[in-house]
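Given next are the chains, with one letter for each unit.
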Amino acid sequence: MFFHTFTQLQGPIAEFHGWEVFAYYINNLENYFADYLWQVRTAYGLIIGCILVMLVLYVLFFLMIKKTTKYKKEYKKLEENFREPLYNIMILPDPPSAMEIEEMLGCRIDELKQYNPQMFTQLISSLRMELCEILYLPNIQLVCGITGVTDYIERCLVGQKRVFEILQMVVNLNIRISEGELAIYLNHHNPNIRLMARLAYTTCTENEPYQFLEEDLNQKMPLWRPMLTHRLFGWLQECGRPMPSFLTIAESLKNDQAAAFLIEEVAYWGSETEKNELSKFFLAPRYSSRLAAMRATAQLARQENEQALIDSYDHQPESIKREILKTILAINSGKQVDFFERVYNITSSKETQEQAMTCMYLYGSEGRRRFEIIRSQTQIGDEHRVLLDQIDATNLLKQLQQYS
């Protein structure tokens, strides 16, 4: 309790207790400024208020700097002790025993509980980024369990702290947490949190992992969604989990961009049946689906789809015709030199002509030989000869740059 004593020259002693001390000083200030105009009093009040706010901000800033510095020192120490051991555990092909883990860590597993799990979360996330080329790390769930990261993530979700960041960690680390912790976020009003929670749910459940996939893909997709979904599909396949029916879902989607994305995913994670069915999208109503099917075919270099590409050529707009030429070059069966020459002779588009001759130039020794025969013909005009010379010079320059 506040206590203050004021001694007067004559008379009794005045004693103030508690908030009376503050009231005394406030009354003194009011009496001091009583004769000033209200504008002057207001200005003084603003100055004093600003000084007090600056003092508070300075104290808060100082405490924040002190806390951050302390955290960095502790994290650096933890990183020095456990970065290499955790890395070695994560890249092991088989789960190690408790004795092997303690030997690699240089301490007992129980002793890890004395460290801040947030620091382990940061460290393991950093290690996962270093190992991003490896889709499936069989021991990362074990590492997150013994370091308390899994429990920390679940506590944050229950307490609704740093929700989007925590959900992003779950997706990036590909760890399994309790489905109940994700339940309240699966239909969250924030679309980013909702999408991230549903990606995490796909990782954490085996009952019906794709129940939200079609609904989400019909929504406007943020830029990070296709990248994370592609990586998630790879992780699911590495785990031996069943994959969704890419082409079936693509046909039912209203979002053209999402449908094209799923069709292209067939090249990476699709079944053999779906890879064989790519040709039925070469004349799909949506041009984006046609392009996606051709790019997937080029990625797979499937000769089985080559004739279907050629058959669809005359029914395509010019931009897709050029994509067909690129796809046939990627398949590189060596049987379509005549097709490139036919396109060159009949097309009315200069861009398509250039693409056809570029593909012929790069189409193995037979394509290069036919290219030189056409260039040496006397009946071709100067404009066509200049075009062929430019294609030759451009590709020679690219070859020189590759070997330099």
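The following refers to the structure shown. Along every chain, residues carry numbers that run from 1 in the direction the sequence is written. At least 70 in pLDDT is required for a residue's local features to be given in this predicted model, at least 80 for side-chain atom pairs to be given and counted, and no such filter applies to totals for whole chains, interfaces and linings, which use all residues. Excluded from the side-chain calculation are hydrogens and water; included are all heavy atoms of the structure.

1. Topic: unusual backbone geometry
Formally: Put simply, DSSP H or I for four residues or longer makes a helix, DSSP E for two residues or longer makes a strand, and each gets a number counted from the N terminus.
Residue Arg162 is not a glycine yet carries a positive backbone phi of 50°. Located in the positive-phi region is Asn174, a residue other than glycine, with phi close to 55°. The residue Asn174 is located in the loop between α7 (163-173) and α8 (179-183) in this model.

2. Observations regarding the pattern of salt bridges
Keep this limit in mind: Basic side-chain nitrogens of Lys or Arg form a salt bridge, by our definition, when they fall within 4 Å of a carboxyl oxygen of Asp or Glu. Exposure is judged per residue with a 1.4 Å probe applied to protein chains only, and the accessible area is read against the type maximum: over 50% gives exposed, under 20% gives buried, and values in between give partly exposed.
In this structure the tally under the stated criterion is 25 salt bridges. A salt bridge links Arg369 to Glu366, with the nearest nitrogen and oxygen atoms 2.9 Å apart. With Arg369 and Glu366 both in helix α20 (residues 364-376) and three residues apart, this pair spans about one turn of that helix. Among the residues examined, Glu366 registers a relative accessible area of 31% and is labelled partly exposed. Taking the shortest distance from any N to any O, the salt bridge between Arg370 and Glu366 comes out at 3.8 Å. Within this pair, Arg370 and its partner Glu366 are both found in helix α20, separated by four residues, close to a single helical turn.

3. What to know about helix α19 (residues 350-361)
As a reminder, the rule being used: Helix span, as expected, comes to 1.5 Å for every residue beyond the first. In what follows, residue pairs with any heavy atoms lying within 4.5 Å of each other are defined as contacts. What qualifies as a polar contact is a pair of N or O atoms within 3.5 Å, subject to a donor-acceptor requirement within protein and to the restriction that residues adjacent in sequence count only when both atoms come from side chains.
The terminal C-alpha atoms of α19, which comprises twelve residues, lie 16 Å apart, in line with the 16 Å expected from a rise of 1.5 Å per residue. Residues of α19 that are buried: Thr352, Gln353, Gln355, Ala356, Met357, Thr358, Cys359, Met360 and Tyr361. Against the buried residues of α19 lie α17 (318-331), α18 (337-346), α20 and α21 (382-403). For α19, the capping residue at the N-terminal end is Ser349, with a side-chain oxygen 3.4 Å from the backbone nitrogen of Glu351.

4. Some details on the packing of aromatic side chains
Formally: Here a pair means two rings of Phe, Tyr or Trp (six-membered ring of Trp) with centres within 6.5 Å. Their orientation is stacked below 30 degrees between planes, edge-to-face above 60, and tilted elsewhere.
Evaluation of the coordinates by the stated rule reveals 13 aromatic pairs. Ring geometry for Tyr115 against Phe120: centres 5.9 Å apart, planes inclined by 80°, an arrangement best described as edge-to-face. With relative accessibility at 26%, the residue Tyr115 sits in the partly exposed group. Under the relative-accessibility criterion, Phe120 is labelled buried at 0%. Judged by centre distance (6.2 Å) and plane angle (55°), the ring pair of Phe339 and Phe340 falls under tilted. Here Phe339 and Phe340 have matching classes, each one buried. What links up through ring pairs into an aromatic cluster is the set Tyr313, Phe339, Phe340 and Tyr363.

5. Notes on the nonpolar core
Just so we agree on the cut-off: The definition of a nonpolar core used throughout is a set of buried Ala, Val, Leu, Ile, Met, Phe, Trp, Tyr and Cys residues joined through side-chain atoms within 4.5 Å.
Of all hydrophobic cores here, the largest spans 102 residues; its most connected members are Phe82, Leu86, Leu105, Ile153, Leu157 and Leu262. The leading source of residues in this core is helix α13 (residues 256-269), at nine residues. With near-sequence residues (within four places) excluded, Leu105 lies in contact with Phe82, Pro85, Leu86, Ile89, Leu112 and Ile146.

6. Some words on a nonpolar patch on the surface
To keep it simple, the criterion reads: Patches draw on residues past 30% relative accessible area with no salt bridge. Two like charges within 9 Å are joined, as are two nonpolar side chains (Val, Leu, Ile, Met, Phe, Trp, Tyr) within 5 Å. Residue exposure ignores everything except the shown protein chains as possible cover, and the areas themselves are Shrake-Rupley values with a 1.4 Å probe.
A cluster of nonpolar residues, Val53, Met54, Val56, Leu57, Tyr58, Val59, Leu60, Phe62 and Leu63, forms a patch on the protein surface that exposes about 920 Å² of accessible area. Examined against the element boundaries, Val56 turns out to sit in helix α2 (residues 38-90). Residue Val56 is classed as partly exposed on the basis of its relative accessible area, which comes to 48%.

7. Overview of the environment of Ile391
Looking at the secondary structure, you find Ile391 in helix α21. Put simply, Ile391 and Tyr361 are 30 residues apart on the chain and 8.1 Å apart in space, counted from C-alpha to C-alpha. The contact partners of Ile391, leaving out residues within four places of it in the chain, are Glu354, Met357, Thr358, Tyr361 and Phe371.

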